[in-house]
Amino acid sequence: MTTGRRWYAPWLFCAPALFFAIAFFIVPFANTLVLSFTDATTLGGGVFTGLENYTRLLDDEAFWLSLRNTALYTVVVVPLLVLLPLLLAMLVQKKIAGIGFFRAVYYSPVVASMVVVGLIWSWLLSSDGIVNSVLRGLHIVSEPLPFLTDSTLLLFSAMAMTVWKGLGYYMVVYLAALANVPRSLLEAAEVDGAGPVRRFWSVTVPTIRPTMVLVGTLAAIASGKVFAEIYTLSDGSAGPGGEARTLVYTIRETGLGLGGEAGYASAMSVFLFLATLGLSVAVTRLNTREDKV
């Protein structure tokens, strides 16, 4: 004898994921949104102030500095994380002896802790580190370059660290996409006389373009949230006068401590969310429009 399907059975399977999403994503986001319209502090309280926190952003030099740095970070890092992992995937997809070892080596930075990676890069880029020692040994520079003490060099050093750590992850994404490129199209292009470069641009790139858009979107979102790289390389100072600060770094500094401005930091967080959401939607629509063309 069979029993009827109970309507709540599917919800029981979804319950753990729903609880996790509600408790750690939806409720915190709703709380942040509400706080952004108040003058709440870290200790709580606060009264409704309307759009005051958002209008305050317009005159906040620290906010605009961090926004500029974050935008620069995204503009530099995203193209590198779209192209370099693709080239790396093209190299390691070949079935030759020992290639699995190189795949594991390229992927190893992904599983390393950001703190450990930060310490390694701090050691490499310090005034008496390996990089400066090599540059002076080759007589390229006479004095150590201030990779960790100059705000501009610190920002670009953090970019290099981000690219290095993300190469392996996006390489694996591209490897999965390259495995789905039809061999028949590549062979047909080769028969027609197309060389390796021509086959890459005419067959491989159009086939994996959705994956390239996905990688670019993920890299842009990650660049907008960058914090650990700047913090670890600068020992928490974000360079001289905090000139290398990013938006997430400013949000943390604004809301940190007993006198932290939780309401104002929440407004910055909402702005970051909307900017990230807008970028993702714009890229998705652009990709969809190009597919229709």
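Our structure is the block above this text.
Anyway, here's the lowdown on the structure attached to this text. (Residues numbered from 1 in each chain as written. Predicted model: local features only at pLDDT ≥ 70, side-chain atom pairs only at ≥ 80, totals over all residues. Heavy atoms only, no water.)

## As for the layout of surface pockets
Right, on to step 1. Roughly 550 Å³ of internal volume is contained in the largest pocket.
Right, on to step 2. Taken together, 17 residues line the largest pocket, and the ones lying closest to its centre are Met90, Gln93, Lys94, Arg183 and Leu186.
Right, on to step 3. Among the elements of the structure, helix H7 (151–178), helix H8 (183–191) and helix H9 (196–224) are those that each provide at least two residues to the lining of the largest pocket.
Right, on to step 4. Its residues assigned to classes, the lining of the largest pocket shows 8 nonpolar, 2 polar and 7 charged. (1 Å grid on protein atoms, 1.4 Å probe; cavity = no way out; pocket = protein on both sides within 12 Å on 5 of 7 lines; lining within 4 Å. Points joined across faces, edges and corners; volume = space filled by probe spheres on them. Helix = DSSP H or I, 4+ residues; strand = E, 2+ residues; numbered from the N terminus. Nonpolar A, V, L, I, M, F, W, Y, C, P; charged D, E, K, R; others polar.)

## Let's talk about the packing of aromatic side chains
Right, on to step 1. Enumeration over the complete set of coordinates arrives at 13 aromatic pairs.
Right, on to step 2. Ring geometry for Phe63 and Trp64: centres 5.5 Å apart, planes at 70°, overall edge-to-face.
Right, on to step 3. On the basis of relative accessibility, which here comes to 2%, the residue Phe63 falls in the buried class.
Right, on to step 4. On the accessibility criterion, Trp64 (43% relative accessible area) is partly exposed.
Right, on to step 5. With 5.1 Å between their ring centres and 80° between their planes, Tyr169 and Tyr170 make a pair best called edge-to-face.
Right, on to step 6. Under the relative-accessibility criterion, Tyr169 is labelled partly exposed at 40%.
Right, on to step 7. Each residue in the set Phe20, Phe24 and Phe25 is aromatic and connected to the rest through ring pairs, giving one cluster.
Right, on to step 8. The ring of Tyr264 is capped by Arg56, whose NZ or CZ atom sits 3.7 Å from the centre of that ring. (Phe/Tyr/Trp six-rings, centres within 6.5 Å; stacked < 30°, edge-to-face > 60°. Buried < 20%, exposed > 50% of the residue type's maximum accessible area, 1.4 Å probe, protein only. Lys NZ or Arg CZ within 6 Å of the ring centre and 35° of its normal.)

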